[in-house]
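What follows is each chain in one-letter form.
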Amino acid sequence: MVTKAYGAYAADKPVEPIDIERRAVGPHDVQIAIAYCGICHSDLHQIRSEWAGTLYPCVPGHEIVGQVTAVGEHVTSFKPGDTVGVGCMVDSCQHCASCEEGLEQYCETGFVGTYNGATQDPPGHTLGGYSQDIVVKDKFVLKIRHPVDQLAAVAPLLCAGITTYSPLRHWQVGPGKKVGIVGIGGLGHMGVKLAHAMEAHVVAFTTSEAKRQDALDLGAQEVVVSRNADEMAVHAGSFDFILNTVAASHNLDQFTALLKREGTMTLVGVPEHPHPSPNIGMLIFGRKSIAGSLIGGIAETQEMLDFCADKGIVADIEMVAAPDIETAYERMQRSDVKYRFVIDNATLAG
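Keep in mind that what you see is a predicted model, and the values were worked out from it rather than measured. (Residues numbered from 1 in each chain as written. Predicted model: local features only at pLDDT ≥ 70, side-chain atom pairs only at ≥ 80, totals over all residues. Heavy atoms only, no water.)

J.: Please explain the environment of Met282 as it appears in this structure.
T.: Secondary-structure assignment places Met282 in helix H9 (residues 280-286). Expressed as a C-alpha distance, the spacing of Met282 and Thr256, which sit 26 residues apart in the sequence, is 7.6 Å. Among all residues touching Met282, those that are not within four sequence positions of it are Asp253, Thr256, Ala257 and Lys288. (Helix = DSSP H or I, 4+ residues; strand = E, 2+ residues; numbered from the N terminus. Contact = heavy atoms within 4.5 Å.)

This is the structure:
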């Protein structure tokens, strides 16, 4: 099946319309007509070869929502007309025990990414959601329970939502916990919403005074401008958990100083250049931890979607047409978006 898409043929080439081929629906496959696809910062990193190993042509997109149009003969969980989503993975490498435990993203043999992953389908690597249709194994398709009119704002949950939900759940954020969210952007705004819905006391950290009211509106009880030493000092040694969403290199010590004894700061942003080495003494003498977290397994992603549907949580988005993807990239690099761009895939046809 030939479908229209937007992608790039090289790191120095712009995103442009291309025709791509999707495989025929196999016994365990689900074919999806994509309604909306979120634009993630990792799309830009990958398509510009800022991350190693980009395969061209590159069609990004792993925040996919749409409707099922066909299913394979052995598919029992989905039917045509169902509203579904696809996140960052579309297959696992060896279907080992990690998948059964819902730990695909930490499998030693790795998972197959929704784009730029090895596949037997043409052209030899996966092509993502900047396209009209996609064919995915049923195990990697997710059920969407949000109202149809929220579907575009659901798309970023498939990456930004699970990237923040997974560490909040793993480190048992909930009532009675004081939680910091560093950065009020595509990831951070979801972290604030989710931590608030989990009934934690949420403190948002931003470098911009202009984002103070925004953070409060998102659900933070307090907002700290991290460049203000006095505001930071008020919270020294008081946090159970800090979720750091910032993808730029910065001093981690200013935040580990805010952790309680045995507190943890988890990083979910990958900086272009390494962070300065942290103060090891601060970690040792407080038995504090700096950790990392990726996305989430399929089971946990479904749990996140259901949680968000129950709590009425979606991302704050700006809709863009396919011809404006390059402009969206430029604005994203300037942090000029509140807070995620989403492509209206109906515009792919021109």
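J.: Looking at this model, I keep getting lost on the sheet that holds strand E13 (residues 239-244). Mind explaining?
T.: Each strand in a sheet pairs with its neighbour through backbone hydrogen bonds, running either in the same direction (parallel) or in the opposite one (antiparallel). Here we have 6 strands laid out as an open sheet, ordered E12-E11-E10-E13-E14-E15, and parallel in their pairing. Looking along the sheet, the strands with just one partner apiece sit at the ends: strand E12 (222-225) and strand E15 (289-292). Ignoring strand direction, the axes of neighbouring strands in this sheet form an average angle of 20 degrees. Note that E13 and strand E14 (residues 259-267) share 5 bridges and pair parallel. Bridge pairing in E14 links Phe241 to Thr264. Against the sheet, helix H4 (residues 160-170) touches strand E10 (178-182), E13 and E14, its axis set at about 160 degrees to E13. (Pairing = 2+ DSSP bridges. Axes fitted to C-alpha atoms, helices over the stretch in contact; angles between N-to-C directions.)

J.: Can you walk me through the pairing of strand E5 (residues 83-86) in this structure?
T.: The two faces of the sheet receive side chains in turn, since in a regular strand these alternate between them. In E5, alternate side chains face the same way, and those of Thr83 and Gly85 on one face and Val84 and Val86 on the other are all buried. As paired strands, strand E4 (residues 64-71) and E5 are joined by 4 bridges and run antiparallel to one another. Counted as the bridge partner of Val65 is Gly85 from E5. (Buried < 20%, exposed > 50% of the residue type's maximum accessible area, 1.4 Å probe, protein only.)

Remember that the coordinates give geometry; whether it matters functionally is a separate question.
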